[in-house]
Structures are given as C-alpha cells and as structure tokens.
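# Topology and contacts: notes
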Amino acid sequence: MNWITNFVKPKLQSFVGKKEVPDNLWETCPKCSQMILKRELKVALYVCKHCDHHFRINAKDRLESFFGNNFMIIETPKIKSDPLKFKDSKKYVDRLKKAKKNTELEDSVLVASGTLNKTKVTVAIFDFNFMGGSMGMAAGEAIVTACNYAKKNKLPLIIFSSSGGARMQEGILSLMQMPRTVIAVNSYCKTNQPFLSILTDPTTGGVSASFAMLGDLILAEKNATIGFAGSRVIEETIKEKLPQNFQKSEYLLEKGMVDFVIHRKDLKKKIISILEFLNP
Ligand SMILES: [Zn+2]
C-alpha cells in the first residue's frame, strides 16, 4: 500500500463520483460515499471517520470489540432446520447454506459469556448478515439459551439486536419465538439481575415487538432505525407524511421509548458504567 492507493485513489473516485469499489480493500460509506480502508474501518468500530455513519457490524466483530479474546461462546441447541420445507424463488435450505457459508455462523444469533471490566456478563448478538438477522427457531432458541445461562449463573444479560423481524420461511414457528423470548426474559428478570437491551441498526418487526423493548434499560446506537412496520407502510396506511427522523434512535429518545442514544465508540464505556452503578 502506498500514497497512490491510500490517498490519490479515494480522492479521484470521490471526484468522478464512482461508487463501485474495484477491490476488496475498501468500503464505501453509504451515507457520504467516501472510501475508507476496511482495516481502518474495523479499528474505528465500523464508524465512518468522515460523516460518523455507523455501519452495520457483524456479531463476531461486535463480540471482539467488547471482550477482546476474553469470551466463551455458548453452544445453542440444534433445531430441525426447514420444518415447513419452504421454497420461494429459492429453497430455504439453500438460503440457510449460503448464509452459514458467508457468515461462518450457525444462525443469526451468537451467544457468549465474557468479562467487562471485572463483571461477568452473558451476551446474545444478532448478525444482520445472516438472512437479515431474522428470528426463526434457532434465533429464538439462542435468546432462550442466553436467558437461561444468565439466570443459572446470576449474570447481567446484554442483548444486541439487529433484525428485520421474524423469519418468514418458518411461518408460524418463527412468530412463536416472540412469546417464547418474552417468557424467557421475564423468567430471567426474577433473578433481579439487569437486562440491557441494545438496539442497533435496524431493530424492527418481531424483535422490536418482543424482548428487545423489555430491557431494564434500553440503549440505542446513534441513528439506528427502530420500529415495527416500515415507515412507507405506515404512511400509506394512515395517509399522512411522517417526520423526517421517524423511527430513528434520536426520535425514539425524544418520545421516551429508549433511555439512551449512544455513539458506538462510547457504548462499551456506558455499559460498564451502568453495570458498576447497578452493582449486580
Ligand atoms: Zn461517511
């Protein structure tokens, strides 16, 4: 790498307005269209240095940014995949296979336990890259596993949501994960340990309509989309124009739906200070 690729190339590309990246070393910011080196982006916790846009972050990077190497993955029970033998333009089993290969995950939620500044915690992290972070039986099982593990070991529970909602390929079985996860969270809360729900971009559909809104404290990352139905659907239904920042973290904070809106670089510090304050 030299000054031509580091400096001249992004300048030239921003000048000619080319958005496609010719190689895989660069990422283009979807907000300001500036090019950023992928390794720089990772160090910056996937926040654009030009416009502060928070990129979606995968579950493994999120886990490492919180715990370094100091965590243990918690196995989640195997479930029967594709119980409905679902097929639309592609077979569900093929979509699953592709998602597993691309993300190196078994499904959309990763469960782990680690230590944050001397406090042991349990985390469940959605990965939006795995079929839009959709919640099917495996994701439901992962949330229940996280709740049970945290309950058994009397640990704070932190769930990072990033999801388009229920997994349509599993039909009613995916919708059943909404009450299941709510029951699991309610059962966990009897331990009097804190449940921190972290809403990241996007937290929508069945996830926002179930456990994600039940945190003792709800923290949202900056400028994340959080809602149930999409704003276009709502506009068409109520025949009214919605405010510009409707369903954004800052709007939800203003309306009292979330407790804090946090910049990603401050998130770990904030969680640590909340845990210290609550002294679980
Ligand atoms: Zn940007």
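Above this note sits the structure.
Let me sum up the structure you'll find in this document. For clarity, every value in this text was computed on a predicted model and none was experimentally measured. (Residues numbered from 1 in each chain as written. Predicted model: local features only at pLDDT ≥ 70, side-chain atom pairs only at ≥ 80, totals over all residues. Heavy atoms only, no water.)

### Notes on the coordination of the zinc ion
Ideal geometry at a metal centre gives angles of 109.5 degrees when four donors are arranged tetrahedrally and 90 or 180 degrees when six donors are arranged octahedrally. Looking at the zinc ion, one finds its protein donor set to be Cys-29 (SG), Cys-32 (SG), Cys-48 (SG) and Cys-51 (SG), positioned 2.2 to 2.3 Å from the metal centre. Geometry at the zinc ion is tetrahedral, judged from the four donor atoms that bind it and their angles of 107 to 112° at the metal. Site description for the zinc ion: donor spacing in sequence, C-x2-C-x15-C-x2-C. On the criterion of sequence distance, the pair formed by Cys-32 in the loop between β1 (26–28) and β2 (35–37) and Cys-51 in the loop between α2 (38–43) and α3 (59–67) is long-range, its members being 19 residues apart. Note on Cys-32: relative accessible area 27%, which makes it partly exposed. (Donors = N, O, S within 2.8 Å, 3.2 Å for Na, K, Ca; no water. Tetrahedral: all angles 85-135°; square planar, octahedral: opposite > 155°, others 65-115°. Helix = DSSP H or I, 4+ residues; strand = E, 2+ residues; numbered from the N terminus. Buried < 20%, exposed > 50% of the residue type's maximum accessible area, 1.4 Å probe, protein only.)

### Points about the environment of Asp-61
Considering the arrangement of structural elements, one finds Asp-61 in helix α3. Residue Asp-61 is classed as buried on the basis of its relative accessible area of 13%. Once residues within four sequence positions are removed from consideration, Asp-61 is found in contact with Lys-42 and Tyr-46. At 2.8 Å, the side chain of Asp-61 forms a polar contact with the side chain of Tyr-46. (Contact = heavy atoms within 4.5 Å. Polar contact = N/O pair within 3.5 Å; in protein donor to acceptor, adjacent residues only side chain to side chain.)

### Observations regarding helix α5 (residues 137–152)
A rise of 1.5 Å per residue sets the reference length of α5, with its 16 residues, at 22 Å; its end C-alpha atoms lie 22 Å apart and thus fit the reference within 8%. For α5, the tally of buried residues reaches 13 of 16 residues, placing the bulk of the element in the interior. Looking one or two residues beyond α5, the residue adopting positive phi is Lys-154, at roughly 50°. (Expected span 1.5 Å × (residues − 1).)

### Some details on empty space enclosed by the protein
The full count for this structure, using the stated rule, is one cavity of 30 Å³ or more. A volume near 70 Å³ is recorded for the largest cavity. For the lining of the largest cavity, the element with the most residues is strand β6 (residues 157–163), which contributes three residues. In terms of residue class, the lining of the largest cavity is built from five nonpolar, three polar and five charged. (1 Å grid on protein atoms, 1.4 Å probe; cavity = no way out; pocket = protein on both sides within 12 Å on 5 of 7 lines; lining within 4 Å. Points joined across faces, edges and corners; volume = space filled by probe spheres on them. Nonpolar A, V, L, I, M, F, W, Y, C, P; charged D, E, K, R; others polar.)

### With respect to α3
Each α-helix winds once per 3.6 residues, and so residues spaced three or four apart point in a common direction. When α3 is considered as a whole, its buried residues turn out to be Ala-59, Asp-61, Arg-62, Leu-63, Phe-66 and Phe-67. Two or three places before Lys-60, at the opening of α3, Asn-58 has a side-chain oxygen 3.1 Å from that residue's backbone nitrogen. At the C-terminal side of α3, Gly-68 shows a positive phi close to 65°.

### Quick notes on a nonpolar patch on the surface
On the surface, Ile-172, Leu-175 and Met-176 cluster together into a nonpolar patch covering about 290 Å² of accessible area. Mapped onto the elements of the fold, Met-176 is located in the loop between α6 (171–175) and α7 (177–189). (Patch = residues over 30% accessible without salt bridge, like charges linked within 9 Å, V, L, I, M, F, W, Y side chains within 5 Å. Areas by Shrake-Rupley, 256 points an atom, 1.4 Å probe, with all protein chains shown as cover. Salt bridge = Lys/Arg side-chain N within 4 Å of Asp/Glu carboxyl O.)

### Side note on the pairing of strand β5 (residues 119–126)
Burial analysis of β5 places seven of its eight residues in the buried class, the great majority of the element. Alignment of strand β4 (residues 109–116) against β5, held across eight bridges, turns out to be antiparallel. Pairing of Ser-113 across the sheet is with Thr-122, part of β5. For β5 and β6, the ladder comprises four bridges, and the chain directions are parallel. Looking at β6, one finds that Ala-124 is bridged to Ile-159. (Pairing = 2+ DSSP bridges.)

### Describing the layout of surface pockets
In this model, the largest pocket occupies a volume close to 420 Å³. Forming the walls of the largest pocket are 22 residues, and the residues nearest its centre are Thr-76, Pro-77, Lys-78, Glu-106 and Asp-107. If you list the elements that add at least two residues to the lining of the largest pocket, you get α4 (92–103), β4 and α5. When grouped by side-chain class, the residues that make up the lining of the largest pocket number 13 nonpolar, two polar and seven charged. Its volume calculated, the second largest pocket comes out at about 280 Å³. In this structure, the second largest pocket is lined by 15 residues; those nearest its centre are Glu-27, Leu-41, Tyr-46, Phe-55 and Arg-56.

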